[in-house]
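Examining the three-dimensional arrangement
In case you want the letters, here they are:
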Amino acid sequence: MSSKESEITDDAGREPLLRMSGIVKHFPGVKALGGIDLEVRAGDVHCLLGQNGAGKSTLIKVLAGAHQPDGGTIRWHGEDIRIAGPQDAIDHGIATIYQELDLVDGLTVAENIYLGHERARWGVVARTDANRSAAELLRRLGHPEVGPDVEVGRLPAAGKQIVSMARALSHEAELIVMDEPSAVLDQEEVARLFSVIRELAAQGVAIVYISHRLEEIREIGDRVTVLKDGRTAATGLAAAETPTAEIIRLMTGRSIEYAFPERPERQLGDTVLEVSGLSRPGEFRDVSFTVAAGEVVGLAGLVGSGRSEILETIYGARKAQAGTVSVAGRRLRPGRVGAAVAAGVGLCPEERKSQALVLHESVARNISLASLGRFARGGFVNRRDERRAADDQVRALDVRPADVARYVGTLSGGNQQKVVLARWLLRECRVLALDEPTRGVDVGARTEIYALIRDLAARGIAVVVVSSEIEEVIGLSDRVLVISDGVLLHDGPADEIDEHRVLDMVMEGDAA
Amino acid sequence: MTTASDERTGAGAPGGDTEGPLSRVTAIFSGPSGRNLGLVIALLLLCLVGVITAGDRFVSFDNVMTILRLASVIGVVSVGMTFVITGGGIDLSVGAIVALSSVWASTIATQTLAMDTHWIVMVTTALLVGAGCGLVNGILIAYGRMAAFIVTLAMMAGARGLAEIIAQKRTQVVTVSEFTDVIGGQVLGIPVLVVIFAVVAVAGWILLNRTTFGRRTLAVGGNPEAARLAGINVKRHTTLLYVLVGVACGLAAVMLLARTTAGTSTHGTLMELDAIAAVVIGGTLLSGGRGTIVGTVFGVLIFTTLTNVFTLNNLDTSTQAVAKGAIIVVAVLLQQRVAARNGSPP
């Protein structure tokens, strides 16, 4: 592969604009990047592909100066550089447009573009000057219709994207990194974005473009680099010619061995959860499926496909516009968490810290939160009973350290997840919805969480799992549902589908 | 309890943190009981200053009762405020609600009714007015999704204005002697006002630390999204918290009526600031999720003792205000250190 790379460099007859080699980045307990190579030439649209956890985000954060690499070199214009911080990256001419755009809604377009490097004279912002040069930038991007004095909060998603790009240009960026820019755009907006990207590339600006949509990559990209498990699986592939099967092969393949528990061969119980025709405009439509007692059903799909939204709607945290959710034959009142909890539904949400845990409370109190009524008589909490019940759960789930008086915030990710699971076990729920159950959980603890989930199913709980790791969904579930763009594409046994098929469906399904 | 708090401190600051006398001192002050220890020391220091500068005049039984009587009205409001702040809210309208309740409970109509029936009518009126104001606050904040700061700021202006309208800016003298005799009287030599404060403080402690209501308050204040997703009705709970502080204001109005034997629209002026200050120096997190009634009681006592010591030494109120400001700043600085130790932002 490296000989081919140098050929390409020689073909171009000049040093690439950016050459990252052997980039390594460790986080506590995790090796996020294990030696990444990336070469980008001026005027190229270079696409970065990889599954969740492959290291794309970490890599672009290294490039943006948000993370310092632990090893490897970055050559920029043929010289070794160190990117000390975000401002340093910008000074070098590297701009990053993140998925969640970092714009200030209350400021105008021009103010946002020049935020941090205001056009000012003696501390007074030169507004006319700023507006004029902002208008010039927007014209260069082919969007003169975006007014420089409009408040950014009033712009649609596509407009905000343009403002972010104008900001990048205002720093005279030579390399712009775009993290899934098309995720929030409709087709027409994507088309306009592409013409802007082509225009920029023609002016000699290099673009690093991250997307999950193969169709787009074929349309806009020049070259493709595929990351897998923190390493470069392939680099410098021609975007237009490389076959889809080849790209998917590079993206998949098991390299970290997760031990998934055996799927037991047994009769399933009665249907517990029945979802029928569930719709929320703009998120998902007409989703129907059932889950039986003792069954684990996995929802696979990309970020933004609507999988988490479906889960939260079942739980009543979002209100369905149409369709019904029934638990053991009883229809739940839509949009009511209380009703879902009363019917025996539990949710382990995606963001453990912000959505599930009260961080400066003890483990015991976090576990008992959903079943306080059980330990209370006349409104008084019997703390001994509470503590004992929490203790039992902590021991049963092997939470470490096994101390229920500890602040939950001091536990590791895997143990925090166990605390959330314990909350619903204590509540004796019948349906358990798990959103990204192993996010932020290290490899060793993952296996435990997997075994635990299987164990819960064996007790007769109907389990629904959402994960952005397709391997995890397939390995963990009895049945897999594939969601793309809010539509249920596939519903079938987990042992009859593999990662390639799922990726194929979501990637091509999106483009179709 | 002591061992549990020690463990918590250890858990929050793992590894090599015990060297140096300074960190050992701050370690004593962190943790739930340790922080109260700091407050006890602060109060004792104040008393020491009082004994040195005013001697017998300070330590006399009458003076102690004067301090407690002064503390009781603001104390009852502060206990209510502790709940709102622990639940992640704020109430700027407490002083105005006290004024409105005191005025409404002392109108000629109410007092005539009380004379004809029973003095308890005045108490009920004050409590109902307080609860009503709290209910309006709560509904607007929880269901109207308005900022607590704004809603209670509006109530602060509105309730005091309404009090002025009702009283026509005049002082309404309480003529129901049974009322002033009972509420303003003594039980076993201790003023009834002080007894009320003690009962409210104990009830508040139990409510916050031993009941499901208290647990939910901590959860709602600590992480409202997690509370909602755990099946707690966050909106209803938030509303109840404002009703609770409203009732506390009504009770404070009753106490003020008995102590001053008059209802006026100027009662409770700036009480919201004193109450918030007492709650915060007591160790309740202004951002919610952690609250302490014991701390609040100490906070109130520290402020009233300070006032008393200054008054006994003939120092003016301006100097008092400066001292108060300094105490608030030091207390909050300490609180932030503790919060940082426990691994959560202040």
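Residues numbered from 1 in each chain as written. Chains lettered and ligands numbered in written order. Predicted model: local features only at pLDDT ≥ 70, side-chain atom pairs only at ≥ 80, totals over all residues.

Topic: the overall build of chain B
- Of regular secondary structure, chain B possesses 17 helices and four strands.
- Per-residue burial over chain B gives 51% buried out of 346 residues.
- Taking contacts inside chain B between residues at least 6 apart in sequence as the whole, the part at least 24 apart equals 78%. (Helix = DSSP H or I, 4+ residues; strand = E, 2+ residues; numbered from the N terminus. Buried ≥ 20, exposed ≤ 12 C-beta atoms within 10 Å, placed from the backbone. Contact = placed C-beta atoms within 7 Å.)

Quick word on the domain arrangement of chain A
- Partitioning chain A into structural domains gives domain 1 (2–93 + 174–251), domain 2 (106–170), domain 3 (253–344 + 431–440 + 461–512) and domain 4 (353–428).
- Each of domain 1 of chain A and domain 3 of chain A has a C-alpha centre, and the two are 32 Å apart. (Domains from an automatic or database assignment.)

Overview of the sheet that holds strand β23 (residues 479–484) of chain A
Residues and elements named next belong to chain A.
- Here we have six strands laid out as an open sheet, ordered β18-β21-β22-β15-β23-β24, and mixed in their pairing. Where the open sheet ends on each side, the last strands, each with one partner, are β18 (345–348) and β24 (487–493). Averaged over all neighbouring strand pairs, the angle between strand axes comes to 15°, with direction disregarded.
- Where β18 lies against strand β21 (residues 431–435), four bridges are found, and the strand directions are parallel. Residue pairing in the sheet places G346 in a bridge with L432 of β21. (Pairing = 2+ DSSP bridges. Axes fitted to C-alpha atoms, helices over the stretch in contact; angles between N-to-C directions.)

Focus: unusual backbone geometry
Residues and elements named next belong to chain A.
- A cis amide bond links R400 to the next residue, P401, at an omega of -5°.
- Relative to the helices and strands, P401 is located in the loop between α14 (383–396) and α15 (413–426).
- Its identity is not glycine, yet E436 carries a phi of approximately 50°, on the positive side.

A look at the packing of helix α11 (residues 192–210) of chain B against helix α16 (residues 293–312) of chain B
Residue and element names in this part refer to chain B.
- Their axes nearest at 9 Å, the elements α11 and α16 cross at an angle of 150°. What the angle tells us is that α11 and α16 run roughly antiparallel. Along the contact surface, α11 presents A201, G204, W205 and L208, while α16 presents I293, V294 and V297.
- Here the contact of α11 with α16 is composed, by residue class, of six nonpolar, one polar and no charged. (Parallel < 35°, antiparallel > 145°, perpendicular 65-115°, else oblique. Nonpolar A, V, L, I, M, F, W, Y, C, P; charged D, E, K, R; others polar.)

With respect to the nonpolar core
- Ranked by size, the top nonpolar core spans 171 residues in total, and within it I176, V345 and V463 of chain A carry the most contacts.
- When sequence neighbours within four positions are dropped, the list of residues in contact with I176 of chain A reads A95, I97, M165, A168, V205 and I207 of chain A.
- Listed in part, the 91 residues of the second largest apolar core include F83, V194, V254 and V297 of chain B. (Core = buried A, V, L, I, M, F, W, Y, C linked by C-beta atoms within 7 Å.)

Quick word on the sheet that holds strand β13 (residues 271–280) of chain A
Residues and elements named next belong to chain A.
- The four strands are arranged β14-β13-β16-β17 in an open sheet whose pairing can be described as antiparallel. The open sheet is flanked by β14 (284–292) and β17 (330–331), the only strands paired with a single partner.
- Pairing geometry for strand β16 (residues 322–327) and β17, over two bridges, is antiparallel. Paired with S326 across the strands is R331, a residue of β17.
- This element, helix α10 (residues 307–314), spans β13, β14 and β16 of the sheet and lies at about 115° to β13.

Considerations on the pairing of strand β3 (residues 45–49) of chain A
All names here are of chain A.
- The buried fraction of β3 amounts to five of the five residues, a majority that puts the element mostly inside the structure.
- A two-sided burial pattern is seen for β3, the buried positions comprising V45, C47 and L49 on one face and H46 and L48 on the other.
- In this structure, β3 lies alongside strand β10 (residues 206–210), joined through four bridges in parallel fashion. Paired with V45 across the two strands is I207, which belongs to β10.
- Sheet analysis places β3 next to strand β11 (residues 223–228), joined by four bridges and oriented parallel. Across the sheet, the residue bridging to C47 is V224, located in β11.

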